[in-house]
Amino acid sequence: MQRPIILTGRKVSLGVLLREDIPKVWLWYNDRDVRRYLSSPDAVFYFEDEMEWYERIRREKEKHRVFAVIENRSDSLVGLIGVHKINHKNGHAEIGYFLSKQYWGKRYATEAVGLALEYCFKWLNLRKVYARVYEYNVASQRVLEKNGFKLVGRLKKHVHIPEEGFADVLFYELFKDEWESF
Ligand SMILES: CC(C)(COP(=O)(O)OP(=O)(O)OC[C@H]1O[C@@H](n2cnc3c(N)ncnc32)[C@H](O)[C@@H]1OP(=O)(O)O)[C@@H](O)C(=O)NCCC(=O)NCCS
């Protein structure tokens, strides 16, 4: 099936997530190195859980937009980026993302977040985007900072990260006017 592309960048693009992507997503969601810094690091997903998740985000498009991150060079799926808790009344949403390990370190996440911000600010007309990151997840903090996000708060020693201990949860946010002038 040909995948509709929503926004195109230099190295990666954001496309519509397809049902046939789910077997890969399921493997990556269960990879402990990917999982460690996502919500519920201990979670174990059955394939059916993943299909239910796909159906849920498909049904709840007003609340979530989850995009396939596609490597332009190979046209391969490399990860996901989601705009969650879309709140039109207050004009904000939360972003979250992950890439399969083999694609880390190529600046793909930085570009994918840039594209997701373009979607949030230009297409959803939001005022603000925010993100939560665990203190040990330095790569993700860099990704946000390289897109203009500011650290605005933290919950101290709030979450247990396997093999690393209790971690602060850091809150980052970016307003549309800050993004436009970044
Ligand atoms: C976080 C994640 C998305 C980053 O993806 P990525 O494509 O490798 O990120 P990028 O290459 O765009 O940028 C990473 C930046 O962090 C830096 N970095 C990576 N590891 C680092 C470390 N341990 N210490 C300091 N900086 C680090 C890189 O050098 C790069 O910065 P630079 O461009 O200034 O050199 C990826 O590691 C991932 O999927 N992790 C698991 C899931 C996850 O943590 N999701 C985010 C939850 S908030």
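The structure displayed is predicted, hence computed values, not measured ones. (Residues numbered from 1 in each chain as written. Predicted model: local features only at pLDDT ≥ 70, side-chain atom pairs only at ≥ 80, totals over all residues. Heavy atoms only, no water.)

1. A short note on the site of the ligand
Piece 1. The environment of the ligand is made up of 21 residues, and the closest members are Gly 105, Arg 107, Thr 110, Arg 142 and Lys 146.
Piece 2. Within the contact set of the ligand, an oxygen atom lies 2.5 Å away from a side-chain nitrogen or oxygen of Arg 107.
Piece 3. One nitrogen or oxygen atom from the side chain of Arg 142 is found 2.7 Å from an oxygen atom belonging to the ligand.
Piece 4. Here the ligand loses 74% of its free accessible area of 970 Å² to cover by the protein chains.
Piece 5. Every element with two or more residues in the shell around the ligand is listed here: strand E5 (92-99), helix H4 (108-123) and helix H5 (138-145).
Piece 6. The element best represented in the shell around the ligand is H5, accounting for 5 residues.
Piece 7. Its residues placed into classes, the shell around the ligand shows 12 nonpolar, 4 polar and 5 charged. (Near = heavy atom within 4 Å. Polar contact = N/O pair within 3.5 Å; in protein donor to acceptor, adjacent residues only side chain to side chain. Areas by Shrake-Rupley, 256 points an atom, 1.4 Å probe, with all protein chains shown as cover. Helix = DSSP H or I, 4+ residues; strand = E, 2+ residues; numbered from the N terminus. Nonpolar A, V, L, I, M, F, W, Y, C, P; charged D, E, K, R; others polar.)

2. Things to note about the packing of aromatic side chains
Piece 1. Under the counting rule described, the total for this entry stands at 7 aromatic pairs.
Piece 2. Residues Tyr 29 and Trp 53 carry aromatic rings whose centres are separated by 5.7 Å and whose planes lie at 75 degrees to one another, so their mutual orientation is edge-to-face. Residue Tyr 29 is located in helix H1 (residues 22-29), and its partner Trp 53 is located in helix H3 (residues 47-59); the two are separated by 24 residues in the primary sequence. For the pair formed by Tyr 29 and Trp 53, the shared burial category is buried.
Piece 3. Pairing Phe 67 with Tyr 119 gives two aromatic rings, centres 4.9 Å apart and planes at 75 degrees, and the pair type is edge-to-face. Separated by 52 residues along the polypeptide, Phe 67 in strand E3 (residues 65-71) and Tyr 119 in helix H4 bring together distant segments of the chain.
Piece 4. A relative accessible area of 6% places Phe 67 in the buried class.
Piece 5. By the ring-pair criterion, three or more aromatic residues cluster together here, those being Trp 28, Tyr 29, Phe 45, Trp 53 and Phe 98.
Piece 6. One residue, Arg 35, lies across the ring of Tyr 29, its end atom 5.5 Å from the ring centre. (Phe/Tyr/Trp six-rings, centres within 6.5 Å; stacked < 30°, edge-to-face > 60°. Buried < 20%, exposed > 50% of the residue type's maximum accessible area, 1.4 Å probe, protein only. Lys NZ or Arg CZ within 6 Å of the ring centre and 35° of its normal.)

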